[in-house]
Amino acid sequence: MLLALSDGMKARTLPGFGPQLAQIRKARGLTQTELGQKLGVSQRVVAYYEQADAQPPGPLLLDLAQALGRRPLKTPPSSPKTVRLLKRLQQVETLPRTDQQAVLKFVDALVTSRGRAGRNGGRRRAPA
């Protein structure tokens, strides 16, 4: 599954994600309402995620996988830096949802701006 970030979400959705989600949900014997209850979202939101051109936000994908009976990956972190980063991200999980969203927006913006800087040889573009 592909992590979709805010602005280019439609361009980054995994083709066929919605129908596959519906198929897995039905195979697990869950209704949209039941899956929504497990995720803390409405039936309408689940129905939206099951559309061909939609996909849940990245932070919800782990909860979705667990709600459908998939176990999280248990690969050990590769370095001490990664362990520290994961611990900090776990602390973010304890924040109120609005604060979590603010942190994710900041990270998305930083990653996006660094990606652009890398493509421009490390130089920032002058404002238009």
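Residues numbered from 1 in each chain as written. Predicted model: local features only at pLDDT ≥ 70, side-chain atom pairs only at ≥ 80, totals over all residues. Heavy atoms only, no water.

Now for the overall build of the protein chain. In terms of regular secondary structure, the protein chain is built from 7 helices and 0 strands. When the helices and strands of the protein chain are placed in sequence order, the string is α-α-α-α-α-α-α. Looking at the protein chain as a whole, 22% of its 128 residues qualify as buried. Here the contacts in the protein chain between residues at least 6 apart in sequence split such that 58% fall between residues at least 24 apart. A total of about 9800 Å² of accessible surface is found on the protein chain, and carbon and sulfur atoms cover 56% of it. (Helix = DSSP H or I, 4+ residues; strand = E, 2+ residues; numbered from the N terminus. Buried < 20%, exposed > 50% of the residue type's maximum accessible area, 1.4 Å probe, protein only. Contact = heavy atoms within 4.5 Å. Areas by Shrake-Rupley, 256 points an atom, 1.4 Å probe, with all protein chains shown as cover.)

Another point: the environment of Gly 16. Secondary-structure assignment places Gly 16 in the loop between α1 (9-12) and α2 (17-27). For the pair Gly 16 and Asp 53, spaced 37 residues apart in sequence, the C-alpha separation works out to 7.8 Å.

Take the nonpolar core next. Among the nonpolar cores identified, the biggest contains 12 residues, and these are Phe 17, Leu 21, Leu 30, Leu 35, Leu 39, Val 46, Tyr 49, Leu 60, Leu 61, Leu 64, Ala 67 and Leu 68. Tallying contributions element by element places helix α5 (residues 58-67) first for this core, with 4 residues. Not counting residues within four places of it along the chain, the set of residues in contact with Val 46 comprises Arg 25, Gln 32, Leu 35, Gly 36 and Val 41. (Core = buried A, V, L, I, M, F, W, Y, C linked by side-chain atoms within 4.5 Å.)

Take the confidence of the model for the protein chain next. In this model, the protein chain carries a mean pLDDT of 79, and residues with pLDDT of at least 70 account for 74%. Ignoring residues within four places in sequence, the model shows residues 1-10, a span with pLDDT below 50, making 18 contacts including any to other chains. (pLDDT = per-residue confidence, 0-100.)

Among the residues making up α2, those that are buried are Phe 17, Gly 18, Leu 21, Ala 22 and Arg 25. Burial along α2 is one-sided: seen end-on, the buried residues are contained in an arc of 135°. Turned more than 90 degrees off the buried face of α2, the exposed positions are Gln 23, Lys 26 and Ala 27. Remark: Gly 29 follows α2 within two positions and exhibits a positive phi of approximately 75°. (Arc of directions from axis to C-beta.)

So, about the side chain of Glu 50. Positionally, Glu 50 belongs in the loop between α4 (43-49) and α5. Judged by relative accessible area, which is 11%, Glu 50 ranks as buried. When sequence neighbours within four positions are dropped, the list of residues in contact with Glu 50 reads Gly 18, Pro 19, Leu 21, Ala 22, Arg 25 and Gln 32.

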